[in-house]
Amino acid sequence: MSIAIKVAIGLPVALFSSGFILTMVWIQYQKQRMLWDESWIISYKRIIFGRTGLLGLGSTMSLQRIRSNSTNSQTTEVTVCTGVNTSFRQDFIQPGLYDGRTVAVKHIQNKHFTLCKTIRKEVKEVRLLDHPNLCKFIGGSIEVPYVSIITEYCPKGSLSDVLLNEDIPINWGFRLSFATDIARGMSYLHQHKMFHGRLHSRNCVIDDRWVCKISDYGLTVFRREDFEATSNGFNCGNVNRLYCAPEVVLGSSPNMTGAADVYSYSIILVEIATRSDLISHQAEGVRVDIAWRPPLPEVKAGKADTDCPSQEDYCELIKKCWNHNVTTRPTFEQVKKNLDKMNPHKVSPVDMMMNLMEKYSKHLEAIVAERTQDLLQEKQKTDRLLYSMLPKPVADDLRQGRTSEAQSYSNATVYFSDIVGFTQLSGASTPHQVVDFLNQLYTSFDDIIDNYDVYKVETIGDAYMVVSGVPQQNGINHAGEIASMALDLVSVCHTFKIPHKPNTQLQIRAGIHSGPVVAGVVGTKMPRYCLFGDTVNTASRMESTSEALKIQVSGATANLLHTLKGYILTCRGTFNVKGKGDMTTWWLEAKRDDFTDPLLNTSASSGFPVSVSD
Ligand SMILES: Nc1nc2c(ncn2[C@@H]2O[C@H](COP(=O)(O)OP(=O)(O)OP(=O)(O)O)[C@@H](O)[C@H]2O)c(=O)[nH]1
Ligand SMILES: [Mg+2]
């Protein structure tokens, strides 16, 4: 073989071998570099506590939960170089601000800490992990007594916090999403040959997008505290016994196995379905009974959001996961497939949130519409009440905060009526009977006056006062409106039965006068619309000097009725009215059908001609 051939074969082989060796050396170097890399070590002083301004849904609960296995809690005040006075709490996870982001700081109670090769290896392992369902490791503080593990902070708290908070509605879409998230995270961990060993619902945390992430995985030696020096995970004698697989309790298997994690997961599935606090509910005795399992959840299968889409499959999955026979427990990969089958149209939590919000906003809109309708009805009721107490324009003015000015009217007609012998009648009746009687009478009067363009001013005891032409002016029609109304009111008296004296004939005395009036609201408390002026006094005199079941009309009103035509009036004559002097007044008898002038038609009425004047 010539030298050239030897070189031609040997050179590529040599090059390849040296390349291979170099690559191997490079990989080894990288591995070692990662192992000895200390960029993950965080100076505790650089974490700012108490300024995070966070506290999401579950955080208050989470962050104040005293660790159940912590026997003593100690608080040491330290002033960090940032100038923020913080307190080092060793008994729970604290949120803090590190490098501009919010982090969860889990304190490890250790009096001594050595950054040994095992811990370096553990850190290297968790640093290489990256999955959306794993709570990201950020770094660690190794300064005693501030030894802590710093991880991504999930503002909604732990899965347990969320499930036990009754104020958070969680439909089955969310529940299956949580279950799938945990299975995904765990599957990823197991693929990387890492077992959790302390999987429970408090070690699953919920981020701001409602994604469930697994926390407190790996770093077994790093997180080992002084008091649990011998433990390498669950302390099965404590509250977490519930999550311990039977083989772990019996000591026949280490707790760091995939099957043990699957067992723990089955308990989380029960918690997700029942939303109950299994730890508090477990009886003392069950902690030692390895055959004990929480009761299977009664999940409703159905189409509603609140129902499980596949009840039987869900319970079947739980049973498989807590099987005594370790080998028949599914892997998380299989669990994921099972869950996907149960929930084929999996929607992301954000979309579910959006759907929920849309649903709530629609529901809210419906409620608002309903309440608006109620409000409208209430307003109508108060309006009706207000308008029954004050004329509408006046009431509207008052409602707008405007004070309604008194207004003068050049001509209006005022009606007064009074019950004849009321004092005697009420003396012989109980107050209840009197009120009942007046109420019935004036209710029927109120119904009648609704047919006319008149405004009822008030009832004063047994007196009834009505005006027309105020506050709505109506030319000279006011006289006709009042006259027609007065005739109706008197005629109703003929048929009206006094409830407690059916055999007594009700008699009213009525009087009418027309003239100028001033009208306005008096007072701010219980405001009343009042009429003032001589016209009111004269109308009252017309009533007081009238006779039973008769309507006495002044000359001024009679003149207007004459102009309006259609009323039969007979002259009562002239007599002295107290405070008014001599007055000629008229009896309003009836309405005429043929509209002939009543004052000129002497034969039809009283038989003698009459002139109209005050
Ligand atoms: N809001 C919020 N709470 C958290 C976070 N991580 C943990 N927690 C809560 O802090 C509480 C205390 O956590 P840990 O000290 O890890 O105790 P634990 O989870 O009960 O038990 P182990 O982890 O098994 O020791 C837990 O109940 C969690 O609910 C987080 O990222 N955000
Ligand atoms: Mg935890």
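Scoring rules and cut-offs
- Residues numbered from 1 in each chain as written.
- Chains lettered and ligands numbered in written order.
- Predicted model: local features only at pLDDT ≥ 70, side-chain atom pairs only at ≥ 80, totals over all residues.
- Heavy atoms only, no water.
- Helix = DSSP H or I, 4+ residues; strand = E, 2+ residues; numbered from the N terminus.
- Expected span 1.5 Å × (residues − 1).
- Buried < 20%, exposed > 50% of the residue type's maximum accessible area, 1.4 Å probe, protein only.
- Contact = heavy atoms within 4.5 Å.
- Polar contact = N/O pair within 3.5 Å; in protein donor to acceptor, adjacent residues only side chain to side chain.
- Pairing = 2+ DSSP bridges.
- Salt bridge = Lys/Arg side-chain N within 4 Å of Asp/Glu carboxyl O.
- Donors = N, O, S within 2.8 Å, 3.2 Å for Na, K, Ca; no water.

Here the focus is helix 11 (residues 349-389). The terminal C-alpha atoms of helix 11, which comprises 41 residues, lie 58 Å apart, in line with the 60 Å expected from a rise of 1.5 Å per residue. Here helix 11 has its buried residues at Pro-349, Met-352, Leu-356 and Asp-383. In this fold, the buried residues of helix 11 make contact with helix 5 (172-191) and helix 12 (392-399).

Let us now look at the side chain of Thr-413. The topology assignment puts Thr-413 in strand 10 (residues 407-419). Thr-413 gets classed as buried once you look at its relative accessible area, which sits at 0%. There is a polar contact of 2.7 Å between the side chain of Thr-413 and the side chain of Ser-514. Residue contacts for Thr-413: discarding those within four places in its chain leaves Val-466, Val-467, Ser-468, His-478, Ala-479, Ile-482, Ile-512, His-513, Ser-514 and Thr-557.

A sheet is described by the order of its strands in space; here five strands give the open sequence 1-4-5-7-6, paired in antiparallel fashion. Bordering the open sheet on either side are strand 1 (48-49) and strand 6 (137-141), each of which pairs with just one other strand. Bridge count for strand 5 (residues 101-107) against strand 7 (residues 148-152) is five bridges, and the pairing is antiparallel. Each residue of the ladder has a partner; that of Val-105, found in strand 7, is Ile-150.

On to the pattern of salt bridges, then. Within the structure shown, the criterion is met by 24 salt bridges. Notably, a salt bridge pairs Arg-120 with Glu-38, separated by 2.5 Å at the nearest N-O pair. On the criterion of sequence distance, the pair formed by Arg-120 in helix 3 (residues 117-128) and Glu-38 in the loop between helix 1 (3-36) and strand 1 is long-range, its members being 82 residues apart. Note that Lys-456 and Asp-446 form a salt bridge whose closest N and O atoms lie 3.1 Å from each other. Remark: Asp-446 occurs in helix 14 (residues 431-449) and Lys-456 occurs in strand 11 (residues 455-460); sequence separation between them is 10 residues. Given a relative accessible area of 24%, Lys-456 falls into the partly exposed group. Connected through shared salt-bridge partners, Lys-379, Asp-383, Lys-392, Asp-396 and Arg-399 make up one network.

Bound to the magnesium ion (ligand 2) on the protein side are Asn-203 (OD1) and Asp-216 (OD), at distances that span 1.9 Å. One end of the pair, Asn-203, is in the loop between helix 5 and strand 8 (204-206); the other, Asp-216, is in the loop between strand 9 (212-214) and helix 6 (246-249), with 13 residues separating them in the sequence. Note on Asp-216: relative accessible area 13%, which makes it buried.

In short, the description is geometric, and any link to function would need to be established separately.
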